[in-house]
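# Analysis of the macromolecular model
So the chains spell out like this:
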Amino acid sequence: MKPAILLLFVFLLSVGVGFGQVKGVVTDKATGKPVAFANIWVENENLGTTSSEKGEFSFSQTNLSGKTLVISCLGYEKTKVTIPAGTLRVSLVPTAVALDVVTVKKSTKRRKFVINQLDENTEYSFGSNGTPWIVAQYIPYKPGYAATPFLDEISLVTLSNVKNATFKLHLLRVGENGAPGKDLISAPLIGVAQKGIKTVKLDVSQYDVPMPENGLFIAFEWLILKQNRYEAVDPETGAKEVPARVSYEPSIRSYGPDNRSPNGWIYHQGKWVSTNQREGDAITSATPHFQLTLSN
């Protein structure tokens, strides 16, 4: 009888652990189709993840029942749900993104103007150890930009330990209290970082979006996906470090503590927080460096 009792104990233990874990799927309420790359946070905690291409997500922690999840994704209303004991199905409501009316037309003779030009300095970078942060840099508007009013190209420097690390970029309006607000365009901007230190450029000229007169935010979002996961290895032996040191690639070039943008923000614990308000925290170095090209 002892082996049978032991097997029953193991079975009950596995069932208890299974029920304690949080698993779910994010879908479009209108179509029922999965929503990929949704940003998912446990509210007011430094714990989050990203939905897969099938809309699936999970947390390994077993003490989350009754807490609140904050789910956001471009093209959908932000949603909050209470975590149940079992599998969670989240339906996001599609929302239309209103674009500014373009009052000028692009010239057939294109002229370009570069803001925040990148250089060879990659001394500072910021990455994620499994937290779906979004970091943003504010780009103010200046009257001199009127001659080249359209957003043309976004450039950034990435540092990746894996091939084809996928990430999201956002172009955001200025919201309440100067924080990042709503998206400027309705299409997702998906970038891919190659292995090593690379300059990545995303063409946004096809959207015909003029730069807002109160400026904008450019934001980088980490995707907590299996293909972006990297475990650090010993440079001499090639063996994985013990205990494991995990990151989700890529990291991105950022401003140093003595030369960072005066208006950097991070989407942290499900809400936007100014990096200037977090002195003594590594997050104060989370202001990314983006190069913005404008055109006429």
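These figures come from a predicted structure and were not determined experimentally.

A word on the overall build of the protein. A tally of helices and strands in the protein yields one helix and 21 strands. Classification of the 296 residues of the protein by burial places 45% in the buried group. Pairs at least 24 residues apart make up 72% of the contacts formed inside the protein by residues separated by at least 6 positions. A total of about 15700 Å² of accessible surface is found on the protein, and carbon and sulfur atoms cover 53% of it.

Here the focus is the pairing of strand 18 (residues 246–253). A regular strand places its side chains on the two faces of the sheet in alternate fashion. Most of strand 18 is tucked away: seven of the eight residues are buried. Here strand 9 (residues 125–128) pairs with strand 18 via three bridges, running antiparallel. The residue of strand 18 that forms the bridge with Ser 128 is Tyr 248. Relative to strand 18, strand 11 (residues 150–160) runs antiparallel, the two sharing two bridges. Bridge pairing in strand 18 links Thr 158 to Ile 252.

This part takes up the sheet that holds strand 4 (residues 56–59). The mixed open sheet is built from three strands, whose spatial order is 4-1-7. Each edge of the sheet is formed by a strand with only one pairing partner; in this case those strands are strand 4 and strand 7 (88–92). Between one strand and the next, the sheet's axes are offset by a mean angle of 25°, whatever the strand orientation. Summarising the sheet, strand 1 (residues 22–28) and strand 4 pair through four bridges and their orientation is antiparallel. By the bridge assignment, Val 25 is partnered in strand 4 with Glu 56.

The next thing to look at is the packing of aromatic side chains. Applying the stated criterion across every chain, the model contains ten aromatic pairs. With centroids separated by 5.7 Å and ring planes inclined at 45°, the aromatic side chains of Phe 113 and Tyr 145 adopt a geometry described as tilted. Of the two residues, Phe 113 is situated in strand 8 (residues 112–115) and Tyr 145 in the loop between strand 10 (134–139) and strand 11; the sequence distance between them amounts to 32 residues. Ring pairs connect the aromatic residues Phe 126, Trp 133, Phe 167, Phe 220 and Trp 222, which therefore count as one cluster.

What follows is about the pattern of salt bridges. One pass over the full model with this rule turns up five salt bridges. The shortest N-O distance in the salt bridge between Lys 80 and Glu 43 comes to 2.6 Å. Here the residue Lys 80 occupies a position in strand 6 (residues 79–82), and Glu 43 occupies one in the loop between strand 2 (39–42) and strand 3 (48–50), the gap between them amounting to 37 residues. The salt bridge partner of Lys 112 is Asp 152, with a shortest N-O separation of 3.5 Å. Of this pair, Lys 112 sits in strand 8 while Asp 152 sits in strand 11, and the two are 40 residues apart along the sequence. Since its relative accessible area comes to 5%, Asp 152 is described here as buried.

Mapped onto the fold, Asn 296 is located in the segment after strand 21 (291–295). Within polar-contact distance, the side chain of Asn 296 engages the backbone nitrogen of Arg 111 at 2.7 Å.

Counting residues in each nonpolar core, the largest one holds 46 residues, and the members touching the most others are Leu 151, Leu 169, Leu 171, Phe 220 and Leu 292. Sorting elements by how many residues they give to this core places strand 16 (residues 216–222) first, with six residues.

A few words now on the sheet that holds strand 2. Neighbouring strands of a sheet are bound in pairs by backbone hydrogen bonds; such pairs are parallel or else antiparallel. Taken together, four strands build an open sheet; the order of strands is 3-2-5-6 and the sheet is antiparallel. Pairing within the sheet leaves two strands with one partner each, and these edge strands are strand 3 and strand 6. Pairwise comparison of adjacent strand axes, ignoring direction, gives a mean angle of 20° for this sheet. Note: strand 2 against strand 3, three bridges, orientation antiparallel.

Summary statistics for the protein give a mean pLDDT of 84 and a share of 82% for residues scoring 70 or more. Taken as a whole, residues 99–105 scores under 50 in pLDDT and shows eleven contacts with residues more than four places along the chain or in a different chain.

Now for the pairing of strand 10. Counting buried positions along strand 10 gives five out of six residues, so the element sits mostly inside the fold. The pairing of strand 10 with strand 16 spans six bridges and is antiparallel. Following the sheet pairing, Ile 139 is matched in strand 16 by Leu 216. By the bridge criterion, four bridges tie strand 10 to strand 19 (residues 264–268) in an arrangement that is antiparallel. Pairing of Gln 137 across the sheet is with Gly 264, part of strand 19.

Criteria and thresholds
Residues numbered from 1 in each chain as written. Predicted model: local features only at pLDDT ≥ 70, side-chain atom pairs only at ≥ 80, totals over all residues. Heavy atoms only, no water. Helix = DSSP H or I, 4+ residues; strand = E, 2+ residues; numbered from the N terminus. Buried < 20%, exposed > 50% of the residue type's maximum accessible area, 1.4 Å probe, protein only. Contact = heavy atoms within 4.5 Å. Areas by Shrake-Rupley, 256 points an atom, 1.4 Å probe, with all protein chains shown as cover. Pairing = 2+ DSSP bridges. Axes fitted to C-alpha atoms, helices over the stretch in contact; angles between N-to-C directions. Phe/Tyr/Trp six-rings, centres within 6.5 Å; stacked < 30°, edge-to-face > 60°. Salt bridge = Lys/Arg side-chain N within 4 Å of Asp/Glu carboxyl O. Polar contact = N/O pair within 3.5 Å; in protein donor to acceptor, adjacent residues only side chain to side chain. Core = buried A, V, L, I, M, F, W, Y, C linked by side-chain atoms within 4.5 Å. pLDDT = per-residue confidence, 0-100.

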